[in-house]
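What follows is the residue order along each chain.
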Amino acid sequence: MKKKLFAAALFGAATMFSAPSFAEDVYFPIIAKGFSHQFWQAVKAGAEEAAARNGVTITFEGPNTEAEIDKQTDILNAAIAKNPQGLGFAALDSQAQVPALQKAADAGIPIVAFDSGVESDLPLTTCTTDNVAAAAAAADGLAKAIGEEGKVAAVIHDQTSATGIGRHDGFVNRIKEAYPKIEIVDVQYANDAVKATDTIKAMLQANPDIKGFFASNEGAAIGLSVAIKESGANIVGVGFDSGKSQKDAIMEGTLIGSITQNPVGIGQCVVDSLVKALAGETLPKVIDTGFYWYDKTNMTDPKIAAVLYD
């Protein structure tokens, strides 16, 4: 199984530096995609750790769910109106929210994107997983488990964010390029577990000979495990992200494995990068925070256990 190692084991541990002395209180609003998944709580923990280490104040905000693009835009505009010293932003829509970010740039507010970038050069850097490569690794895991032939399908968490687009393309393109005997019979979209469960059941009913499924985020993966259990389908399931429900599904064999990001490292990266920007440092356009394939054979490996979350 091809695995991509972290550019650093944990971003914060690998990029320790002396924080600059600020003459005034420094405040960064960090705006996530939502709070419905444990992934964002892990990002929040990383951001709070870095804020305490650097002596800055943050808020961690976002809509209740990742379907509320307009609500996230309202939160973004309200944060910009407070004229903070920097801004962290994970876009639900890589295009629609650029005008709001332009307001921040025009006000001289440094922007660091995270998780999902935007189709703009406005962010100084983006702290993110290489989602294309990560989804390709998930495709490799699924292909191996089904003997590299047969029908598969996928549920992707959205069509508008950079993560949704990247994971769709990474999975689909890897299957098409590397596994000529595998046919992708359907790709649908669902972000939360309830919708994903219903969507996957319908897909299985329409295609009873599906051998494997990829679910592209925590909610979709939980929905996949529930759908497999409730339908009794004998299929291979591969997920993305972590969280207790997904880890339990892997340990009991409902899912065979998943991709974990480094959410704590992503949160650390956002705050550390904003502090560096205020100190006048030049940042790379993308900071790859890494990923791992994990299954029940390696979940206790220290380097993997460190980035799994409940």
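Residues numbered from 1 in each chain as written. Predicted model: local features only at pLDDT ≥ 70, side-chain atom pairs only at ≥ 80, totals over all residues. Heavy atoms only, no water.

Caption draft 1: Representation of the pairing of strand β9 (residues 236-240) in the model. Counting buried positions over the five residues of β9 gives five, a clear majority of the element. Here β9 shows two buried faces, one formed by Val236, Val238 and Phe240 and the other by Gly237 and Gly239. Relative to β9, strand β8 (residues 210-215) is paired through three bridges, and the arrangement is parallel. The residue bridging Phe213 from the neighbouring strand is Gly237, located in β9. Assessed by its sense of winding, the connection that carries the chain from β8 through helix α8 (residues 218-231) to β9 is right-handed. In terms of strand pairing, β9 meets strand β10 (residues 257-260) through three bridges, oriented parallel. Across the sheet, the residue bridging to Phe240 is Ile259, located in β10. With helix α9 (residues 244-252) bridging β9 and the parallel β10, this β-α-β connection has right-handed handedness. (Buried < 20%, exposed > 50% of the residue type's maximum accessible area, 1.4 Å probe, protein only. Helix = DSSP H or I, 4+ residues; strand = E, 2+ residues; numbered from the N terminus. Pairing = 2+ DSSP bridges. Right-handed = clockwise from strand over helix to strand, strands pointing away.)

Caption draft 2: Structural detail: the state of the cysteines. Inspection of every chain in the model, using the stated rule, returns one disulfide. Here Cys127 connects covalently by a disulfide to Cys269, the sulfurs 2.1 Å from one another. Taking the sign of the S-S torsion, -75° for the link of Cys127 and Cys269, the bridge is left-handed. Residue Cys127 is located in strand β5 (residues 125-128), and its partner Cys269 is located in helix α10 (residues 263-278); the two are separated by 142 residues in the primary sequence. Residue Cys127 shares its accessibility class with Cys269, and that shared class is buried. (Disulfide = S-S within 2.5 Å.)

Caption draft 3: The layout of surface pockets, seen in detail. Approximately 270 Å³ is the volume attributed to the largest pocket. Lining the largest pocket are 19 residues, with Gly117, Val118, Thr126, Thr128 and Val286 sitting closest to its centre. Listing elements by their share of the lining of the largest pocket, those giving two or more residues are β5, α6 (162-178) and β11 (286-288). (1 Å grid on protein atoms, 1.4 Å probe; cavity = no way out; pocket = protein on both sides within 12 Å on 5 of 7 lines; lining within 4 Å. Points joined across faces, edges and corners; volume = space filled by probe spheres on them.)

Caption draft 4: Structural view of the side chain of Lys33. Secondary-structure assignment places Lys33 in the loop between β1 (27-31) and α2 (38-54). Side-chain polar atoms of Lys33 contact the side chain of Asp115, separated by 3.0 Å. Looking at Lys33, its side chain comes within polar contact range of the side chain of Thr163, at 2.7 Å. Contacts of Lys33, omitting those with residues within four sequence positions, involve Trp40, Pro63, Thr65, Glu66, Gln72, Ala90, Ala91, Leu92, Asp115, Ser116, Ser161 and Thr163. (Polar contact = N/O pair within 3.5 Å; in protein donor to acceptor, adjacent residues only side chain to side chain. Contact = heavy atoms within 4.5 Å.)

Caption draft 5: Molecular detail of the sheet that holds strand β12 (residues 292-294). Strand order in the open sheet formed by six strands is β7-β6-β8-β9-β10-β12, with mixed pairing between adjacent strands. Edge positions in the sheet fall to β7 (182-189) and β12, since each of these pairs with one other strand and no more. Across this sheet, the average inter-strand angle for adjacent strands is 20°, counted without regard to direction. Here five bridges tie strand β6 (residues 150-156) to β8, and the two strands are oriented parallel to one another. Each bridged residue has a counterpart across the sheet, and for Ala154 the counterpart in β8 is Phe214. Contacts from α8 reach β6, β8 and β9 within the one sheet, and its direction differs from that of β9 by about 160°. (Axes fitted to C-alpha atoms, helices over the stretch in contact; angles between N-to-C directions.)

Caption draft 6: A look at empty space enclosed by the protein. Applying the stated criterion to the full structure yields one cavity of 30 Å³ or more. Size it by volume and the largest cavity reaches roughly 90 Å³. If you trace the largest cavity, you find 13 residues lining it, with Trp40, Glu66, Arg167, Asn217 and Asp241 closest to the centre. Residue assignment for the lining of the largest cavity shows that the elements contributing at least two residues are α2 and α6. Per-class residue counts for the lining of the largest cavity are two nonpolar, five polar and six charged. (Nonpolar A, V, L, I, M, F, W, Y, C, P; charged D, E, K, R; others polar.)

Caption draft 7: Spatial organisation of α2. For α2, spanning 17 residues, the distance from its first C-alpha to its last is 25 Å, which sits close to the expected 24 Å at 1.5 Å a residue. Here α2 has its buried residues at Phe39, Trp40, Ala42, Val43, Gly46, Ala47, Ala50, Ala51 and Asn54. Where α2 is buried, its residues contact β2 (57-61), β4 (111-114), α8 and α10. (Expected span 1.5 Å × (residues − 1).)

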